[in-house]
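Structural description and commentary
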Amino acid sequence: MKRRFLVAAFGAAIVAVSVTGGGTALAQSKGKINPNARLEFGMNMGGGGFSQRLQPDRMTAICDSVVGSQVFGTLIRRDIKTNKPVPNLAESWDIVDPSTFKITLRKGLTFQDGTPLDAAALKRDIDLKRVAPSTLAPTLGVISEVVPEADGRTVTIKLSQPVAGIMPLTFAGREGMIAAASSTDQKPVGAGPFKFDSQVVGQEIKVSKFPNYWDAKNVKLAGIDYKNLDTAQNGVLAVVAGDLDMVEGAGQANAPAENDPNTAIERATGADYWKLNLNTSKPPLDNVEFRRAMNYAIDKKAIAEALFPGNYELATQSYPKAFVDQHQKDLAGRYPYSVKKAKEALAKSGVKTPVTLTVVPPANNPNFSRFAEIVQANLKEIGVDLTIAPSTNLLQTFFRDKQGDFVTTLWPARPDPSVTIQRNFTPNQVTNAGNNYSPEIPTALAEIQAADTQAAARAGYKKAINIIVDQAYEVPIFFPVLSNVHQKYVVSDDWQVYGSCQGVDFSKVAITTKKK
Amino acid sequence: MTDRHPDPNADPFVTSGNAGPLDATTEVERSVEGAWVPVMHQSDDMPRHVGFWKRFRRNKVAVAAAIYLILLILAAIFASHIGLQDPNAQNISEINRRPSAAHWLGQDDLGRDVFARIIYGARVSLQAAFTAVAMALLVAVPIGLFSGFVGGWIDLVLMRISDAVQVNPGLVLALVITGILGPSTTNVAVALAFVFTPGFVRLIRGQVLSVREETYIEASRSIGAKRGYIIRKRVLHNVASPLIVQAAVTAGFALLAEASLSFLGLGVQPPQATWGTMLSRAFAQVFQAGWLLWIPGSAIALTVLAFNLVGDGLRDALGAEGRN
Amino acid sequence: MLTFILRRVLALIPLLFIVSVIVYGLILIVPGDPAITLAGGEEATNERIEEVQKELGLDRPFLVRYGEWVGNAAQLDFGRSLYSDLPITEEIAERFPKTLQIAGGALAFGLLVGIPLGIISGIRPRSVSDRAVVFITSAAIAIPTFWLALILILQLAVYRNILPSRGFVPFSESPAQWFEHMILPWITLGTLTAATIARQLRGALSDTMGSDHIRTSRSVGLPPVKVVGKHALKNSSAPVLTVVGLQIAYLLGGTVVVEQIFGIAGLGSYVLTAINRKDFPAMQGAVMFIALITVVVNLIVDISYALLNPKVRVE
């Protein structure tokens, strides 16, 4: 057994760290940090979640950003503990009016190829990203013009719609990753904390600390080796076996690490949520009473317990309690788990039972299988027979070909929370199978998007969430606790756990001399 | 170098020395998981006139394996009549429980009775395996007979096609097919049938060729017997024995292949329990419930072994009888 | 000999042609296509999906696409991956060596373990040692590969930290670490090969041990070890060689499972990734390449067989 020492790191606020034995705070152990250590991070590079296209305007998969955010950095960063935008490559920003957004870069930024990251470079990059074939055109298509200002590091972004309110957090995502002119899919060049070194496609990506990063003095890792893994389970096993430094955790798969003396788990809440995404155009799901019956009939707690034992917050709507501007407290008790109420709603709906529905879970994933099987058992109680028909390509089968009645799915929240409403409940979105939601939702969304502060957006969220919950457009199940499993010699005094294939903020992580 | 004579009743799995390996390749069983090389459990010290049953009974191991398989098949068929618990009844408050008096093999990740699921799982697993073999036979028998009898360029083309299927590793081919058709019980059976077919075609054709060369066929032809009659009476009789043996062994492979496909996420999909899906689910939570891994795993291993041993026994018994 | 080889090589051309038809034809039955994913997945718009479909040329007739593809494939150009946008031939070239190392090592393991077991059991059929070997090999063949792998990982890497649980280190970087990382994949994949070889050798040996030739050698007083070493093994080499040829396809197929479990980016995981992503050009290229390798290895086995047995050449 490889002997390892215990160094516990204490995160703040909602981050809970499992500590075995007495630990020392990072402040004391900082002297022992090894500046030459590289972090070995395991992630799935083979599945559909990772596209290999390491260029912001070409990425197609969620997990691409786990590398992209380190190489390119983002203009703005979302602090996961407050959900507020904080400066990153951009020093400041301003919502001038609902259709105008202004962003100012830090002084003296350079890309990893030595060229400056100034207003002109920013304009070049955004102009590339906002039009097809850029995969970001759907979100940045609202930009009509990017005007560099005289100071050389400020740009004014003119919008064709009044959506400036969502721009700060939008630029905290892939939209905010800025590439140099020389950057390519295979050799990305950005101005982020880590410089791309090399990759073996599907196996390994190596990045090293970029010495001219604006905050380089606070970057403690010499580099990151991203290593391919097949499943979360195997990743956690590899950390426990001492073969990897860190992986993203996933509910049940974390079990081997729970009691391992050398391993720690960081946790954080996010707005990712497991839910039933319904095709509300298909009978009987076009019937609001039937949808309410489903909301009553599903035992959310049973599902959460089976998938993320002890590590979840039950969902009553699209946002968790921690999202104070979005979460509507008064709606929390709207659909308690009750077979009786479900049967009453069903009777009101006039739908004759037994009725047969089809659920389309993603194939190959034990968690979605469990999820669908519990839903099947729940619905049987109210006389609904559920056929389970898994698919390897949900987007195609359910959302485009409109097969099946609903899907068991995980919605990974984007940095800006309003995207959840936009993508799921407004017309003509790919992830909106029913396409027949109340027209008041886009109106409420417009209010959110035009707001210049988060508080100003509140009224919009209140309207939208009330309609969604009242109309039972979805069946929200639970918000999983996001987790990261790592060796105890990996430390940080500000764990930023992004979760859902986004990793952590690696620029805030260090490795102590305890690593062999 | 010893030269072994191509004997129509000889072991169909072992190369005959006269053919080049590439041709020999085709005589040897190829499957998704590999080749089963049978073992002679008894030599010909028994008088030749002894019948099939007497010969088969002599092989105690094969008999035990056969009894196991028969019991398993009966249990699978009558699963709903033998007082098992509902295999799909969930009990979320009792997940991953160890074996107990109420649940002989424990409870799974949704609190379901593992023993009931193993028996019901046998139904789907065996059904998938048998369907695959039956479909392969359904296609292979006519093609093999036709190819062997007609000969000439048609035979040549058919054999090149079956070679072309066989040069692909079985698992890769099955993966590609299920990947394209979409994962389901039927598609897994179709994919495996596709992989197994050329082996059966080769086997049947080989038997037809060797029988055809034998003089008695020539003789019956000269007295004007009809072709159909010849096929029925002689060829099928000679083809049947090795075919039954290979079918038994192939069914074992189909079980293994189904498990591999399920593990790679392209097998039979939930909620249908097969041993393969149960094993890959157990794999996903080996730390919470380690013993769950052993149950479907051993079920697969035991059953595959039983199929192989029965295949051995049949081969010994049928092979010897066929020489009469 | 040269004409023999030439004839064999020429015979491969129609074979590979039929393989290409099968491999390419399979995508005819595809429901759905990768366009939606390439258009941005959840970020895609309906207009963009239609554009991507046009870009992929999926609106052109099948035969035209096949003709183009097979023409390029004949020059080992399989086009570009829909995902990485890299030439597939390059990706295969990068990954194949790893697969070759896994499969080659597994074959070596199979021979190293299988031959001694085969000899032990073959020279004294129905002895205790023979029965033991038969039992062990029977069990080895019946075990699902991935189950064996998981048990090995748990026992040797997780519970006891003896071997690495996953990963790959190039030989050029550190031979010792390369070896350490390869042991579990080799054992996982090679166990079935070892069992198959042992059983084949056992069968051939017990046949030859009973032959007149060997009986004569023994009756003239040659010591048993010499008889086995000199005559019996020589006579048994041909069937073993054939099994080795056959095992190549199994080993290459088995790497799909092994590479998946051990997180090695070889050709097997490439195929699986391509299937999961519906990256058809990559899938077709890789399957075609694997078929090509199988055919070439069988050709080599064929030729060495002919060298051993001159009779084959005249056939």
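Overview of the structure. Source: prediction; values computed, not measured. (Residues numbered from 1 in each chain as written. Chains lettered and ligands numbered in written order. Predicted model: local features only at pLDDT ≥ 70, side-chain atom pairs only at ≥ 80, totals over all residues. Heavy atoms only, no water.)

Right, let's get into the pairing of strand β5 (residues 100–105) of chain A. Along any regular strand the residues' side chains alternate between the sheet's two faces. Residues and elements named next belong to chain A. In terms of burial, β5 is a largely internal element, five of the six residues being buried. As judged from the six bridges shared by strand β4 (residues 90–97) and β5, these two strands associate in the antiparallel manner. In the sheet register, A90 faces β5, and the bridge partner there is L105. With five bridges connecting them, β5 and strand β7 (residues 154–159) associate as antiparallel partners. From the neighbouring strand, T104 faces β7, where its bridge partner is T154. (Buried < 20%, exposed > 50% of the residue type's maximum accessible area, 1.4 Å probe, protein only. Helix = DSSP H or I, 4+ residues; strand = E, 2+ residues; numbered from the N terminus. Pairing = 2+ DSSP bridges.)

What follows covers the packing of aromatic side chains. In this description, an aromatic ring pair is defined by two values, namely the gap between the centres and the angle between the planes. Evaluated as defined, the whole model comprises 31 aromatic pairs over all chains. Arranged with centres 6.0 Å apart and planes meeting at 80 degrees, the rings of Y226 of chain A and F506 of chain A form a pair that is edge-to-face. Separated by 280 residues along the polypeptide, Y226 of chain A in strand β10 (residues 223–228) and F506 of chain A in the loop between β19 (490–491) and β20 (510–511) bring together distant segments of the chain. Both residues of the pair, Y226 of chain A and F506 of chain A, belong to the buried class. Ring plane angle 40 degrees and centroid distance 6.4 Å describe the contact between Y66 of chain C and W69 of chain C, whose orientation is recorded as tilted. Of this pair, Y66 of chain C and W69 of chain C are both found in helix α4 (residues 62–74), three residues apart, which corresponds to roughly one turn of the helix. With respect to class, Y66 of chain C is no different from W69 of chain C; both count as buried. (Phe/Tyr/Trp six-rings, centres within 6.5 Å; stacked < 30°, edge-to-face > 60°.)

The next subject is the environment of V141 of chain B. Residue and element names in this part refer to chain B. Within the secondary structure, V141 sits in helix α4 (residues 114–150). A relative accessible area of 24% places V141 in the partly exposed class. Separated by 81 residues in the primary sequence, V141 and K60 place their C-alpha atoms 31 Å from one another. With near-sequence residues (within four places) excluded, V141 lies in contact with I204 and L243. (Contact = heavy atoms within 4.5 Å.)

So, about the interface of chain A and chain B. Taken residue by residue, the interface counts 20 residues in chain A and 19 residues in chain B. For the pairing of chain A and chain B, the buried interface totals around 1,800 Å² over both sides, and the portion due to carbon and sulfur atoms is 58%. Broken down residue by residue, the surface that chain A buries against chain B is led by Q233, R370 and E373 of chain A, which jointly contribute 29%. In this assembly, chain A and chain B are joined by three salt bridges. The partner of D109 of chain B in a salt bridge is R370 of chain A, and the shortest N-O contact between them spans 2.5 Å. In this assembly, chain A and chain B are joined by four residue pairs in polar contact (both at pLDDT 80 or more). Elements supplying a minimum of two residues to the side of chain A that touches chain B: α6 (232–240), α7 (255–258), α9 (300–307) and α11 (366–380) of chain A. Taken together, the residues of the side of chain A that touches chain B break down into eleven nonpolar, seven polar and two charged. (Buried area = accessible area lost by both parts, 1.4 Å probe. Salt bridge = Lys/Arg side-chain N within 4 Å of Asp/Glu carboxyl O. Polar contact = N/O pair within 3.5 Å; in protein donor to acceptor, adjacent residues only side chain to side chain. Nonpolar A, V, L, I, M, F, W, Y, C, P; charged D, E, K, R; others polar.)

Residue and element names in this part refer to chain B. Given a rise of 1.5 Å per residue, 29 residues ought to cover 42 Å, and the 42 Å separating the end C-alpha atoms of helix α7 (residues 185–213) matches this to within 8%. A bend of about 35 degrees at F196 is the largest found in α7, and the proline P198 appears one to four places after it. Within α7, 22 of the 29 residues are buried, which leaves it mostly tucked inside the rest of the structure. (Expected span 1.5 Å × (residues − 1). Bend = angle between axes of the 7 residues up to and from the residue.)

Okay, the pairing of strand β18 (residues 474–487) of chain A next. Residue and element names in this part refer to chain A. In terms of burial, β18 is a largely internal element, 14 of the 14 residues being buried. Bridge analysis of strand β11 (residues 246–248) against β18 gives three bridges, and the strand direction is antiparallel. Bridge pairing in β18 places M246 opposite H486. Of the strand pairs in this sheet, strand β12 (residues 263–269) and β18 are connected by seven bridges, and their pairing is antiparallel. Within β18, the position partnered with I265 by the bridge is V485. In terms of strand pairing, strand β13 (residues 273–278) meets β18 through four bridges, oriented antiparallel. Bridge pairing in β18 places N277 opposite E474. Judged from the three bridges that link them, strand β14 (residues 312–314) and β18 form a sheet pairing that is antiparallel. In the sheet register, E313 faces β18, and the bridge partner there is F479.

Two side chains bearing opposite charge may form a pair once their charged atoms approach each other closely. Residue and element names in this part refer to chain A. Per the counting criterion, the structure on display carries 30 salt bridges over all chains. Ionic pairing is found between R77 and D505, a salt bridge with its closest N-O pair at 4.0 Å. Within this pair, whereas R77 is found in strand β2 (residues 76–79), its partner D505 is found in the loop between β19 and β20, the two being separated by 428 residues in sequence. In this structure, the salt-bridge partner of K129 is D125, at a minimum N-O distance of 2.7 Å. Placement of the pair is K129 and D125 together in helix α3 (residues 119–129), with a separation of four residues, close to one helical turn.

Next up on the list: the sheet that holds β5 of chain A. Residues and elements named next belong to chain A. Taking strand neighbours across the sheet as the criterion, the four strands line up as β4-β5-β7-β6 in an open arrangement whose pairing is antiparallel. Strand pairing shows two members of the sheet lacking a second neighbour, β4 and β6 (143–148), which therefore form its edges. Averaged over all pairs of adjacent strands, the angle between strand axes in this sheet comes to 20 degrees, irrespective of strand direction. The sheet contact formed by β6 and β7 spans five bridges and is antiparallel. Looking across to β7, one finds that P148 is bridged to V155. Packing against the sheet, α3 makes contact with β5, β6 and β7, and its axis sits at approximately 165 degrees to β6. (Axes fitted to C-alpha atoms, helices over the stretch in contact; angles between N-to-C directions.)

With that out of the way, let us pick up a positive patch on the surface. A cluster of like positive charges, contributed by K54, R57, R58 and K60 of chain B, occupies part of the molecular surface. The topology assignment puts K54 of chain B in helix α2 (residues 52–58). (Patch = residues over 30% accessible without salt bridge, like charges linked within 9 Å, V, L, I, M, F, W, Y side chains within 5 Å. Areas by Shrake-Rupley, 256 points an atom, 1.4 Å probe, with all protein chains shown as cover. Lys, Arg positive; Asp, Glu negative; His and termini not counted. Charge placed at Lys NZ, Arg CZ, Asp CG, Glu CD.)

Turning next to a nonpolar patch on the surface. Residues and elements named next belong to chain B. Taken together, the side chains of I67, I70, L71, L74, I77, F78 and I82 make up a nonpolar region of the molecular surface, amounting to roughly 670 Å² of accessible area. Tracing the backbone through its elements, the reader meets L71 in helix α3 (residues 60–77). Given a relative accessible area of 55%, L71 falls into the exposed group.

Right, let's talk about unusual backbone geometry for a bit. All names here are of chain A. Here the bond from P283 into P284 is cis, since omega is 0 degrees, no more than 30 degrees from zero. Take P284: it is sitting in the loop between β13 and α8 (288–297). Following T353, the chain continues to P354 via a peptide bond in cis, the omega torsion being -5 degrees. One can find P354 in the loop between α10 (339–349) and β15 (355–359).

Now for the side chain of T255 of chain C. Residue and element names in this part refer to chain C. The topology assignment puts T255 in helix α10 (residues 224–262). The exposure class of T255 is buried, given its relative accessible area of 0%. Once you skip the residues sitting within four places of it in the chain, T255 turns out to touch T99, I102, A103, L189, Q260 and G268.

Residues and elements named next belong to chain A. Across the interface, α9 lies against α11 with an axial gap of 10 Å and an inter-helix angle of 155 degrees. Regarding the angle of α9 to α11, the classification is roughly antiparallel. The two elements α9 and α11 meet at a crossing, and its hand is right-handed. Between α9 and α11, the residues in contact are A302, I303, A306 and L307 and N367, R370, F371, I374 and V375, respectively. A class-by-class count of the residues in the contact of α9 with α11 yields seven nonpolar, one polar and one charged. (Parallel < 35°, antiparallel > 145°, perpendicular 65-115°, else oblique. Left-handed = near helix turned anticlockwise from the far one by under 90°.)

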